[in-house]
Amino acid sequence: MCRWAAYTGAPIFLEEIVSRPGHSLIHQSHCATQCHTAINADGFGIAWYGARAEPGLFRDVLPAWSDPNLKSLTAQVQSHLFLAHVRASTGTATSRNNCHPFTHGRWSFMHNGQVGGYDAFRRDADMLIPEHLYPHRKGATDSEALFLVALAEGLDDDPRGALERAAARFIRLSREKGQGPHLRMTAALSEGQRLYAVRYATDAAAPSLYHRWSESRGGMAVVSEPLEAEEEGWIEVPSSSFCTFEGQTALLEEFLPCRLAAAA
């Protein structure tokens, strides 16, 4: 299982989330406390938004704690909205193309979790990606496939519904050819204006997810684990929730792909 952190609000240096806090994302890459694997050393990545509509992207296969380029970049780059991820592979190779976040046009996406038995239906999952999007399939992860299918399902116009429909299609494949748990996920995604996040599982073990508004930063952090162990104000996102973050507001809606999977 992976760890990730996202931010939206007044521009800050990336290091204020990625490396400076006591339980920063880099700290979580070798000392996570709320997932099965404390070590997340199979690569890292950051997608950030600036003056242009499409995000910048930096990914590599080194452990996040050992890459001096990452520390240098996060100390110099400011952004009003960014996604950062440290990876623990659930089976696919450690390669740059398999590192999160994934981007397409103005969209960025990252995921923590798994689709049960994915290796047994990887070809079927790829077949869900329409021809015009398939050239953007660079890696082999279930996460990238889920992102591309969500784009095909109408992410531009209906982020919650598109991701819900995409997740339902993967749940159906997992039920038919894979194994349980059919889907566990937290994910963050953005088109550069709003930050969205989801927490969901087909069983009772949805990965952890929290958010917190910071008056000092003037922004919202959305994270797998709180960035400071003793810091107050972290709010746990309930399972089966889709969140839209704008300013200090966190709008929560139901996220229930299982009802779509069952209806098919």
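Attention in this report is confined to the structure presented alongside it. Since we're looking at a predicted model, the values are computed, not measured. (Residues numbered from 1 in each chain as written. Predicted model: local features only at pLDDT ≥ 70, side-chain atom pairs only at ≥ 80, totals over all residues. Heavy atoms only, no water.)

Here we come to the overall build of the protein chain. Along the protein chain, the regular secondary structure elements total seven helices and 13 strands. Here the protein chain holds 264 residues, and 54% of them are scored as buried. By sequence separation, contacts in the protein chain at least 24 residues apart represent 66% of the contacts at least 6 residues apart. Accessible surface, the protein chain as shown: approximately 10900 Å² in total, 47% of it carbon and sulfur. Looking at the protein chain, you have 24 positive and 30 negative side-chain charges, and the mean spots of the two groups are 4 Å apart. (Helix = DSSP H or I, 4+ residues; strand = E, 2+ residues; numbered from the N terminus. Buried < 20%, exposed > 50% of the residue type's maximum accessible area, 1.4 Å probe, protein only. Contact = heavy atoms within 4.5 Å. Areas by Shrake-Rupley, 256 points an atom, 1.4 Å probe, with all protein chains shown as cover. Lys, Arg positive; Asp, Glu negative; His and termini not counted. Charge placed at Lys NZ, Arg CZ, Asp CG, Glu CD.)

With that out of the way, let us pick up the pairing of strand S9 (residues 210-214). Across the five residues of S9, four count as buried, placing the element largely inside the fold. By the bridge criterion, five bridges tie S9 to strand S10 (residues 219-223) in an arrangement that is antiparallel. When the sheet's bridge partners are listed, tryptophan 213 is paired in S10 with methionine 220. With two bridges connecting them, S9 and strand S11 (residues 235-236) associate as antiparallel partners. Bridge pairing links histidine 211 to isoleucine 235 in S11. (Pairing = 2+ DSSP bridges.)

In this section: the layout of surface pockets. Of the volumes computed, that of the second largest pocket is approximately 170 Å³. Along its surface, the second largest pocket is lined by Leu57, Arg59, Pro101, Phe102, Thr103, His104, Gly105, His136, Lys138, Glu144, Phe147 and Leu148. Those elements that provide at least two residues to the lining of the second largest pocket are strand S3 (56-60), strand S5 (102-104) and helix H5 (142-152). Taken together, the residues of the lining of the second largest pocket sort by class into five nonpolar, four polar and three charged. (1 Å grid on protein atoms, 1.4 Å probe; cavity = no way out; pocket = protein on both sides within 12 Å on 5 of 7 lines; lining within 4 Å. Points joined across faces, edges and corners; volume = space filled by probe spheres on them. Nonpolar A, V, L, I, M, F, W, Y, C, P; charged D, E, K, R; others polar.)

Next up on the list: empty space enclosed by the protein. Counted under the stated rule, the structure contains two cavities of 30 Å³ or more. Space inside the largest cavity adds up to approximately 50 Å³. Taken together, Val18, Leu25, Ile26, Phe44, Gly45, Ile46, Ala64, Leu70, Ala84, His85 and Val86 make up the full set of residues lining the largest cavity. For the lining of the largest cavity, the elements supplying multiple residues, two or more each, are helix H2 (25-31), strand S2 (44-49) and strand S4 (78-86). Residues of the lining of the largest cavity, tallied by class, amount to nine nonpolar, two polar and no charged. Space inside the second largest cavity adds up to approximately 40 Å³. Tyr7, Arg212, Ser214, Arg217, Gly219, Ala221, Leu227, Glu231 and Trp234 are the residues that line the second largest cavity. Of all the secondary structure elements, the ones that give two or more residues to the lining of the second largest cavity are S9 and S10.

In this section: the packing of aromatic side chains. Using the criterion set out here, one finds eight aromatic pairs in the structure. Arranged with centres 5.7 Å apart and planes meeting at 75°, the rings of tyrosine 200 and phenylalanine 255 form a pair that is edge-to-face. Residue tyrosine 200 is found in strand S8 (residues 195-201), and its partner phenylalanine 255 is found in the loop between strand S13 (249-254) and helix H7 (257-263); the two are separated by 55 residues along the sequence. Judged by relative accessible area, which is 3%, tyrosine 200 ranks as buried. Each member of the aromatic cluster is reached from another via a ring pair, and the members are Trp107, Tyr196, Tyr200, Phe242 and Phe255. (Phe/Tyr/Trp six-rings, centres within 6.5 Å; stacked < 30°, edge-to-face > 60°.)

Let us now look at the nonpolar core. Ranked by size, the top nonpolar core spans 36 residues in total, and within it Phe109, Leu155, Leu163, Phe170, Met185 and Phe255 carry the most contacts. For this core, the secondary-structure elements that each account for two or more residues are strand S6 (107-114), H5, helix H6 (159-177), strand S7 (184-190) and S8. It is H6 that contributes the most residues to this core, eight residues altogether. When sequence neighbours within four positions are dropped, the list of residues in contact with phenylalanine 170 reads Val115, Tyr118, Ala125, Leu128, Asp142, Ala145, Leu146 and Val149. (Core = buried A, V, L, I, M, F, W, Y, C linked by side-chain atoms within 4.5 Å.)

Quick look at the side chain of arginine 199 now. Topologically, arginine 199 is positioned in strand S8. For arginine 199, the contacting residues outside a window of four places in its chain are Met185, Thr186, Ala206, Pro207, Ser208, Leu209, Glu236, Val237, Pro238, Ser239, Ser240 and Ser241.

What follows covers H6. Here H6 spans 27 Å end to end across 19 residues, near enough to the 27 Å set by a 1.5 Å rise per residue. Taken residue by residue, H6 has Pro159, Gly161, Ala162, Leu163, Glu164, Ala166, Ala167, Ala168, Phe170, Ile171, Leu173 and Ser174 as its buried positions. (Expected span 1.5 Å × (residues − 1).)

Within the fold, arginine 169 resides in helix H6. Placed 29 residues apart in sequence, arginine 169 and alanine 140 show a C-alpha to C-alpha distance of 18 Å. When residues no more than four places from it in sequence are discounted, the contact partners of arginine 169 are Leu128, Val149 and Glu153.

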